[in-house]
Amino acid sequence: MLHLRTLFGRKSFGGLSPADRLALVDEGALFVMRSLQQAGCEAYLVGGCVRDLAMGLVPHDWDIAVSSKPEETVQALEAAGIYAVDGGGRRFGTVIAVYGGVNYEVTTFRREVYGADAHRPASVSFADSIGEDLARRDFTVNAMALDGEGRLYDPAGGLKDLADRKLRTVGEAAERFREDALRLFRACRFLGQLDFLADRSLVDGMAPAFSRVSGLSLERVRSEVERLLVTAHAGRGLDLLVRSGLCRCACRVRENGQDTEVPILPELSHLVDLPQMKQFHKYDAWYHTLAVVEAAPARRIVRWAALLHDVGKGMPGVRHVEGEKITDYNHDHVGAAMAEEILRRWRFPEKDVHQIAWLVANHMKFHYFANVQEADVVKWVRRLAMQREFASQKELIGTIREMTDLCKADIIGCGRPFSATEGHEAFGRCMMDVAASIPVSAGELHYDRRTIEALGPAVAEGMKNLLLRVQTGELKNEPDRLYRAALRFRKRHGHDE
Ligand code: ATP
Ligand code: MG
């Protein structure tokens, strides 16, 4: 994200003059707001964009709250030459204004009344003031507004919390979480996204709302947790998720007309305070896990692998303690089985389940190969290409890239410097180079029409044979050699046309 901090100089956003604040606002958003004001409506920038501005960040979108009802909003925008579409039933009160090729959401002030549903309000109605609209919002830093004159509205004290880097709910935490249990997960996500700490009142208000989590759909929970996982400070949010006990709650998935409970991530709880050998590890297993997640690149697959890479540690049958000596042999394979179960339960596509579990299962092997000169990397890659675990060479190379990044993060997560990862990077590159020379599927053989014609009706069987022989290193992946091998194969197998 871009930083605007230099524009503020030493001042905080609150300390800037209204004109200086406006200078930071997107021109299109300002034009939309001013057009609404000219039609006699009250219009404000609200939510994430005001928070991001106040943090010195460039907002990724600009939401506007307005006093007018949707039909009036559309009229006011069209009168100013702005293309506008009513969001309709799905987006209550929201009009999309399109200006300069950018979409701006313009939403009528709202109030919400919550009821039986764990996330959706029982009723939503239009409110009369921006104050009411801000009061329904989740966290104080998300409940600020900026008007077209650059005046800031901050009834919940968001600016102070922002300066203190504290996430706090608007109003009583337990009540706000009970109204909409998804806010529990949003809280974790914002800690990771904003690099904030949770206010004590927010933490204390979580458990009283846990009974409502069972009413949340897996889809919503998964989306928030996955967003959290790729944030810059994911460790903060994951720590709250686990230590608060939220990870031990279950949400639900509806399939074929039936609800099934889906436990969130109870498997992570046992890592908290789990000791490790001081000789290799500076931290306990949970702190180490969080450090590895944050050290891994912000990509979904490698972050999941980082979160689950040591989940098998401390499990019965894995952990052995003899005096000072603590071992977790086989934690990689036990962890991979646990990862598979978690990710299937989360209804991940099979390809993702396989890739993440593979990374967990093989991370110790990669460390071993990267550290031991005599280890035969070519043999390992050949075997991987032949195992049919990967659909293509591209997939195999991509997975080796993820593995290299996972294991580098694993080293940093042990409290070691970045320079200690150089050997792993070099080994990973070497492994990728080897993989680039070995086909994984028959489509990656460099054959031409002659080979296909030579194999005739035995083409399927013949190509399988050629692929295997190229993979073992017995045959070169070149058109002439493949053609000659095809002729010999055909002769040996003597198929009739
Ligand atoms: P991001 O930068 O991640 O988009 P955001 O603050 O814009 O952050 P959104 O989920 O896009 O987050 O929501 C926009 C605004 O709507 C929030 O800032 C908040 O004021 C309000 N909001 C969204 N979801 C909720 C909720 N579940 N409960 C209360 N207020 C909410
Ligand atoms: Mg947003």
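Heads up: the structure comes first, above all this text.
The rules we used
Residues numbered from 1 in each chain as written. Chains lettered and ligands numbered in written order. Predicted model: local features only at pLDDT ≥ 70, side-chain atom pairs only at ≥ 80, totals over all residues. Heavy atoms only, no water. Helix = DSSP H or I, 4+ residues; strand = E, 2+ residues; numbered from the N terminus. Buried < 20%, exposed > 50% of the residue type's maximum accessible area, 1.4 Å probe, protein only. Contact = heavy atoms within 4.5 Å. Areas by Shrake-Rupley, 256 points an atom, 1.4 Å probe, with all protein chains shown as cover. Lys, Arg positive; Asp, Glu negative; His and termini not counted. Charge placed at Lys NZ, Arg CZ, Asp CG, Glu CD. Near = heavy atom within 4 Å. Polar contact = N/O pair within 3.5 Å; in protein donor to acceptor, adjacent residues only side chain to side chain. Nonpolar A, V, L, I, M, F, W, Y, C, P; charged D, E, K, R; others polar. Domains from an automatic or database assignment. Salt bridge = Lys/Arg side-chain N within 4 Å of Asp/Glu carboxyl O. Phe/Tyr/Trp six-rings, centres within 6.5 Å; stacked < 30°, edge-to-face > 60°. Lys NZ or Arg CZ within 6 Å of the ring centre and 35° of its normal.

Undergrad: Can you tell me about the overall build of the protein, naming the residues and giving the values?
TA: When helices and strands are tallied, the protein shows 22 helices and 15 strands. Here the C-alpha coordinates of the protein stretch approximately 85 × 65 × 55 Å along the principal axes. Buried positions account for 51% of the 497 residues belonging to the protein. Considering only contacts within the protein whose residues lie at least 6 apart along the sequence, 65% involve residues at least 24 apart. Accessible area of the protein: about 23100 Å², with a carbon and sulfur share of 51%. Side-chain charges of the protein comprise 67 positive and 69 negative groups, with the mean position of each set lying 4 Å from the other.

Undergrad: I'd like a description of the environment of Pro 457, backed by residues and values.
TA: Its place among the elements puts Pro 457 in the loop between helix 20 (449-455) and helix 21 (459-472). As a C-alpha pair, Pro 457 and Asp 154 span 303 residues in sequence and 76 Å in three-dimensional space.

Undergrad: Please provide a residue-by-residue account of the site of ligand 1, values included.
TA: Near ligand 1, the surroundings consist of 15 residues, among which Arg 51, Asp 180, Arg 183, Arg 186 and Arg 189 are the closest. Measuring from an oxygen atom of ligand 1, one finds a side-chain N or O atom of Arg 227 at 3.1 Å. Here ligand 1, which alone exposes 590 Å², has 82% of that area covered by the protein. Top contributing element to the shell around ligand 1 by residue count: helix 9 (residues 182-194), with five residues. Residues that form the shell around ligand 1 fall into these classes: one nonpolar, five polar and nine charged. Here the shell around ligand 1 spans two domains, and each of domain 1 (13-164) and domain 2 (167-264) adds at least three residues to it.

Undergrad: So what about the pattern of salt bridges? Which residues, and what values?
TA: Applying the stated criterion across every chain yields a total of 41 salt bridges. As a salt-bridge pair, Arg 344 and Glu 340 come within 3.2 Å of each other at their nearest N and O atoms. Placement of both Arg 344 and Glu 340 in helix 15 (residues 331-345) is noted, with a separation of four residues, approximately one turn of the helix. When its relative accessible area of 38% is taken as the criterion, Arg 344 is described as partly exposed. Across the pair Asp 480 and Arg 450 runs a salt bridge whose closest N-O atoms are separated by 2.8 Å. With a gap of 30 residues between them, Asp 480 in helix 22 (residues 479-493) and Arg 450 in helix 20 connect regions that are remote in the sequence.

Undergrad: I'd like a description of the packing of aromatic side chains, backed by residues and values.
TA: Any two aromatic rings considered together are summarised by their centre-to-centre distance and by the angle between their planes. Overall, the coordinates contain 13 aromatic pairs when judged by the stated rule. A centroid spacing of 4.8 Å and a plane angle of 20 degrees characterise the contact between Phe 92 and Phe 126, whose relative ring orientation is stacked. You can see Phe 92 sitting in the loop between strand 3 (83-86) and strand 4 (94-99) and its partner Phe 126 sitting in strand 7 (residues 123-126), a full 34 residues away along the chain. The exposure class assigned to Phe 126 is partly exposed, which follows from its relative accessible area of 24%. Between Trp 304 and Phe 348 the ring centres are 5.4 Å apart and the planes differ by 85 degrees, which places this aromatic pair in the edge-to-face class. Of this pair, Trp 304 sits in helix 14 (residues 300-308) while Phe 348 sits in the loop between helix 15 and helix 16 (350-371), and the two are 44 residues apart along the sequence. Side by side, Trp 304 and Phe 348 carry an identical accessibility label, which is buried. Three or more aromatic residues joined by ring pairs make a cluster, and in this case those are Tyr 44, Phe 109 and Tyr 153. The positively charged end of Arg 21 is found above the aromatic ring belonging to Phe 13, 5.8 Å away from the centroid. One residue, Arg 300, lies across the ring of Phe 348, its end atom 4.9 Å from the ring centre.

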